[in-house]
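# Examining the three-dimensional arrangement
Next come the chains, spelled out residue by residue.
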Amino acid sequence: MEVKLWNDKREREMYENFAELYAIIKATEKLEKAYIRDIIPSSEYETECQKLIAHFKTLASTLKGIVPSIERFVDTYKMDCPAAINRLVTSGVPATVEHRAAAAASATTSAAIVAECVQNFITAMDSLKLNMVAVDQVHPLLSDLSASLNKLSILPPDFEGKTKMKDWIFRLSKMGAADELTEQQARQLHFDLESSYNSFMAVLPSAGT
């Protein structure tokens, strides 16, 4: 006895769409696993993934009234495809595109912090040249410089600029706000700033910045 899955053309089209959606989800799961295991080249993965995502978006839009939740569809048909759901529903772009975006954001952030560090170095050195040697003038400048250096992940914890600024900030914290650096202290601080700045600029090319 023949069992019909549909009663009319509309139902037939719906089940065909279900089958296609099922196939797309399964194919995406296999593609994600192949990419993670380095079985497929990144360029090939990206091309195939973009096709699957495009087909999925078109089909999901068509089935919106019938399949309001893709997760529920997956549960209903007992599909164990977490990687596919993440790629198709949560992310919506290939993993390679995500990685490039993250790398670009990281590079942009690092460049901004480097610029901030350079500015803080120059401001501190210029202030000393202008004889701004009171503790309440010097301390905020060194604090800003120290904070910006600590934000830059390419610098090691024992980087000269970090340790020297920390020492100076500690020394200044023991003085009164209206106290002033002696000529010898100001000269030493300027020397430490200049030395740290040169070390900082030397680190950047080797860090790929």
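Quick notes on the rules
Residues numbered from 1 in each chain as written. Predicted model: local features only at pLDDT ≥ 70, side-chain atom pairs only at ≥ 80, totals over all residues. Heavy atoms only, no water. UniProt positions renumbered as here; feature names shortened; annotations may be inferred. Core = buried A, V, L, I, M, F, W, Y, C linked by side-chain atoms within 4.5 Å. Buried < 20%, exposed > 50% of the residue type's maximum accessible area, 1.4 Å probe, protein only. Helix = DSSP H or I, 4+ residues; strand = E, 2+ residues; numbered from the N terminus. Contact = heavy atoms within 4.5 Å. Salt bridge = Lys/Arg side-chain N within 4 Å of Asp/Glu carboxyl O. Polar contact = N/O pair within 3.5 Å; in protein donor to acceptor, adjacent residues only side chain to side chain. Axes fitted to C-alpha atoms, helices over the stretch in contact; angles between N-to-C directions. Parallel < 35°, antiparallel > 145°, perpendicular 65-115°, else oblique. Left-handed = near helix turned anticlockwise from the far one by under 90°. Nonpolar A, V, L, I, M, F, W, Y, C, P; charged D, E, K, R; others polar. Phe/Tyr/Trp six-rings, centres within 6.5 Å; stacked < 30°, edge-to-face > 60°.

The name given to the chain in an unreviewed UniProt entry is Vacuolar protein sorting-associated protein 28 homolog, and the organism recorded there is Hevea brasiliensis. The UniProt entry for the chain carries this comment under Subcellular location (unreviewed entry): "Endosome". The Sequence similarities (unreviewed entry) comment attached to the chain in UniProt states, word for word, "Belongs to the VPS28 family."

## Side note on the nonpolar core
Counting 29 residues, the largest nonpolar core has F121, L142, L149, L181, L189, L193 and F200 as the members making the most contacts within it. At the level of elements, α5 (95-129), α6 (135-151), α7 (160-173) and α8 (183-206) are the ones that each hand at least two residues to this core. It is α5 that provides the largest number of residues to this core, a total of eight residues. Not counting chain neighbours up to four residues away, the residues in contact with F121 comprise L145, L149, L193, S196, Y197 and F200. Counting residues in each nonpolar core, the second largest holds 25 residues, with L21, I25, L59 and F73 among its members.

## A short note on the pattern of salt bridges
Considering all chains together, one arrives at nine salt bridges under this definition. The shortest N-O distance in the salt bridge between K33 and E29 comes to 3.8 Å. Taken as a pair, K33 and E29 lie in helix α1 (residues 9-36) at a separation of four residues, close to a single helical turn. Of the residues examined, K33 reaches a relative accessible area of 37% and is grouped as partly exposed. Each member of the salt-bridge network shares a partner with another, and the members are E32, R87 and E98.

## Topic: the side chain of D192
You can see D192 is positioned in helix α8. Here the side chain of D192 touches W168 through a polar contact of 2.8 Å, side chain to side chain. The residues touching D192, leaving out its near neighbours within four places in the chain, are K164 and W168.

## Re the side chain of S146
In this fold, S146 is placed in helix α6. Ignoring anything within four residues of it in the chain, the contact list for S146 reads M165 and I169.

## Considerations on the environment of F170
The residue F170 is located in helix α7 in this model. With a relative accessible area of 52%, F170 lands in the exposed category. Measuring from C-alpha to C-alpha, the distance between F170 and H139 comes to 9.6 Å, with 31 residues separating the pair along the chain.

## Focus: the packing of α1 against helix α2 (residues 42-62)
Two elements in contact, α1 and α2, have axes separated by 10 Å at closest approach and are oriented at 155 degrees. With respect to each other, α1 and α2 are oriented roughly antiparallel. The two elements α1 and α2 cross, and the hand of that crossing is left-handed. Along the contact surface, α1 presents N17, E20, L21, I24, A27, T28, L31, E32 and Y35, while α2 presents S42, Y45, E48, C49, L52, H55, F56, L59 and T62. Grouping the amino acids of the contact of α1 with α2 by side-chain chemistry returns ten nonpolar, five polar and three charged.

## Focus on the packing of aromatic side chains
Within the structure shown, the criterion is met by seven aromatic pairs. A centroid spacing of 6.0 Å and a plane angle of 80 degrees characterise the contact between Y15 and F18, whose relative ring orientation is edge-to-face. Placement of the pair is Y15 and F18 together in helix α1, with a separation of three residues, close to one helical turn. On the basis of relative accessibility, which here comes to 33%, the residue Y15 falls in the partly exposed class. Judged by relative accessible area, F18 falls into the buried class, the value being 12%. Between the aromatic rings of F121 and F200, the centroid separation amounts to 5.7 Å while the plane-to-plane angle is 45 degrees, which identifies the pairing as tilted. Placement of F121 in helix α5 and of F200 in helix α8 is noted, with a sequence separation of 79 residues between them.

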